Amino acid sequence: MFDPTEDKLDRDFDESMRMFEKAMVPIAEPIEPKQPARVLIAIDGSSQDAAIIEAATTLQKRFDATLLVLDARETDDEEAASPSIDSLLAIANSERLAKSSGTSYDQILAAIESRQPDLVVLPCPFGRDFQSIGAESIGTVVDVILSRSPVPLLIIRSTDQPLATACKQVAMVVSSECDAEPLAAGWALGLSSESASISLEVVMDREQLENLQAILEVLVPERTLEPEQLNTALAESHSRLHVAMQKAAQEAGLSYRLVPKATQTAPPLAGQEAVPQLIVLAYEIDDHFVHGFIMDRIRRSPHPVLVASTHQ
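The model shown is predicted, which means the values in this text are computed figures rather than measured ones.

A word on the nonpolar core
For soluble globular proteins, the rule of thumb is that nonpolar side chains tend to be buried together. Grouped together as the largest cluster of nonpolar side chains are 52 residues, with contacts concentrated most on Val-121 and Leu-278. Looking at this core, the element that brings in the most residues is helix H2 (residues 49–63), giving 7 residues. Non-local contacts of Leu-278, meaning those with residues more than four positions away in its chain, are made with Leu-154, Leu-163, Ala-166, Cys-167, Gln-169, Val-170, Ala-171, Leu-191, Pro-304, Val-305 and Leu-306.

Written out as structure tokens, the structure reads:
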């Protein structure tokens with residue numbers, strides 16, 4: 001015999017399950033791809049100038065960007081300007097900026113304040129050849145600019161990583177959640193080449209893993225952390241960002257993947273291999289852990305690195 005009460009209970013249960021499943025799907029704010037219209041190019045007379053010129057050419061051609069060219073070496077001698085200036089000024093829609101006084105970072109920060117670019121491109125370490133110092137140093141100039149710049153930085157490292165090629169494979173690398181992640185994701189999507197591959201890499205390095213394991217051993221001595229469980233947890237911790245990036249990448253015709261990396265290797269890096277790629281990092285200025293994470297990733301990466309921060 002038909003029981004209307006039972007039928008209503010079934011309907012209510014089905015509706016409750018649909019609402020629960022809907023609640024499990026994270027609601028993500030849309031990500032707006034970011035592209036530069038005005039780019040400040042800072043050169044230092046090092047071997048990285050060639051890579052800086054290539055990056056400037058790529059940005060101008062792809063985005064019809066205005067290039068603001070600054071010789072930021074610590075010299076008052078205008079006649080001793082780097083030969084790279086002429087090569088940069090030969091690029092369409094470029095303008096040479098007058099030198100100002102002070103340290104290299106003072107000059108760059110003054111140019112940022114006065115000309116308000118959308119993006120700053122500079123070599124790292126500034127004033128030193130990457131090929132001779134390698135990944136051992138970021139340098140004072142880049143460290144200061146990272147802490148004070150109100151606009152994103154595109155940091156050029158090894159000369160064998162041309163930006164035009166690097167933008168075909170873009171990796172946004174995050175660890176703990178950071179307020180600047182949506183902004184960084186916008187730049188990752190905006191700089192990706194047509195039909196590029198983009199990934200969101202959520203990492204937990206060896207020190208984090210060891211600390212977490214030590215805490216768990218105290219709380220639950222018989223319990224061990226399995227990499228599969230950690231990778232699932234990492235993926236879930238950035239589910240909103242993942243959903244938003246996946247949707248934006250699909251709309252832009254880009255291939256996208258989520259890559260959780262809980263590993264005993266220190267640190268888990270996005271591609272130290274020779275294949276060019278662009279690394280994108282989100283920087284929350286007041287977060288000391290994120291600060292160390294950003295510095296370590298720049299220091300160890302031969303690839304171009306874009307940093308978007310909460311200053312912006």
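Thoughts on the confidence of the model for the chain
Per-residue confidence for the chain averages 81 on the pLDDT scale, and 74% of its residues sit at or above 70. Here residues 16–25 is a poorly scored stretch, pLDDT under 50, and it has 0 contacts once near neighbours within four places are set aside; other chains count. Within the model, the stretch residues 264–268 combines pLDDT values under 50 with 15 contacts to residues more than four positions away or in other chains.

Brief notes about the pattern of salt bridges
Evaluated as defined, the whole model comprises 5 salt bridges. Arg-73 serves as the salt-bridge partner of Asp-71, at 3.0 Å between the closest nitrogen and oxygen. What makes Asp-71 buried here is its relative accessible area of 3%. Within this structure, Asp-296, Arg-297, Arg-299 and Arg-300 form a network of salt bridges that share partners.

Brief notes about unusual backbone geometry
Note: most peptide bonds trans; most residues except glycine with negative phi. For the bond running from Cys-124 to Pro-125, omega is 0°, close enough to zero to count as cis. For Pro-125, the location among the structural elements is in the loop between strand S4 (119–123) and helix H5 (130–133). Even without being a glycine, Asp-64 presents a positive backbone phi close to 55°. Structurally, Asp-64 can be placed in the loop between H2 and strand S2 (66–71).

Some words on H2
For H2, spanning 15 residues, the distance from its first C-alpha to its last is 21 Å, which sits close to the expected 21 Å at 1.5 Å a residue. If you check which residues of H2 are buried, you get Asp-49, Ala-51, Ile-52, Ile-53, Ala-55, Ala-56, Thr-58, Leu-59, Gln-60 and Phe-63. Of the residues flanking the end of H2, it is Asp-64, one or two places downstream, whose phi is positive at about 55°.

Re the environment of Lys-168
With respect to the helices and strands, Lys-168 occurs in the loop between helix H7 (163–166) and strand S6 (169–174). Sequence-distant contacts of Lys-168, that is, excluding residues within four places in its chain, are made with Ser-193, Ala-196 and Ser-197.

Considerations on the packing of helix H8 (residues 181–191) against helix H11 (residues 239–252)
It is at 11 Å that the axes of H8 and H11 come closest, and there the two elements cross at 25°. With respect to each other, H8 and H11 are oriented roughly parallel. Along this stretch, H8 crosses H11, giving a crossing that reads as right-handed. Residues Glu-181, Ala-185 and Leu-189 of H8 form the contact with H11, whose participating residues are Leu-241, Met-245, Ala-248 and Ala-249. The residue makeup of the contact of H8 with H11, split by class, is 6 nonpolar, no polar and 1 charged.

Describing helix H4 (residues 104–115)
Helix length check: H4, at 12 residues, gives a terminal C-alpha distance of 16 Å against a target of 16 Å (1.5 Å per residue), a fit within 8%. For H4, the complete set of buried residues consists of Ser-104, Gln-107, Ile-108, Leu-109, Ala-111 and Ile-112. In the core, the buried residues of H4 are packed alongside strand S1 (38–43), S2, S4 and helix H6 (140–148). After H4 finishes, the residue Gln-116 shows a positive phi value of roughly 50°.

Observations regarding the side chain of Asp-49
As for its position among the elements, Asp-49 is in helix H2. Within the structure, Asp-49 has its side chain in polar contact with the backbone nitrogen of Gly-45 (distance 3.2 Å). Once residues lying within four places of it in the same chain are set aside, the contact partners of Asp-49 are Ile-43, Asp-44, Ser-82 and Ser-84.

Concerning the side chain of Asp-44
Checked against the element boundaries, Asp-44 lands in the loop between S1 and H2. An unpaired buried charge is present at Asp-44: no salt bridge exists, and Arg-73, the closest side chain of opposite charge, is 7.4 Å distant. A distance of 2.7 Å separates polar atoms of two side chains, one belonging to Asp-44 and the other to Ser-46. Excluding residues that lie within four positions of it along the chain, Asp-44 makes contacts with Asp-49, Arg-73, Pro-123, Pro-125, Phe-126, Gly-127 and Arg-128.

Rules and cut-offs
Residues numbered from 1 in each chain as written. Predicted model: local features only at pLDDT ≥ 70, side-chain atom pairs only at ≥ 80, totals over all residues. Heavy atoms only, no water. Core = buried A, V, L, I, M, F, W, Y, C linked by side-chain atoms within 4.5 Å. Buried < 20%, exposed > 50% of the residue type's maximum accessible area, 1.4 Å probe, protein only. Helix = DSSP H or I, 4+ residues; strand = E, 2+ residues; numbered from the N terminus. Contact = heavy atoms within 4.5 Å. pLDDT = per-residue confidence, 0-100. Salt bridge = Lys/Arg side-chain N within 4 Å of Asp/Glu carboxyl O. Expected span 1.5 Å × (residues − 1). Axes fitted to C-alpha atoms, helices over the stretch in contact; angles between N-to-C directions. Parallel < 35°, antiparallel > 145°, perpendicular 65-115°, else oblique. Left-handed = near helix turned anticlockwise from the far one by under 90°. Nonpolar A, V, L, I, M, F, W, Y, C, P; charged D, E, K, R; others polar. Polar contact = N/O pair within 3.5 Å; in protein donor to acceptor, adjacent residues only side chain to side chain. Lys, Arg positive; Asp, Glu negative; His and termini not counted.

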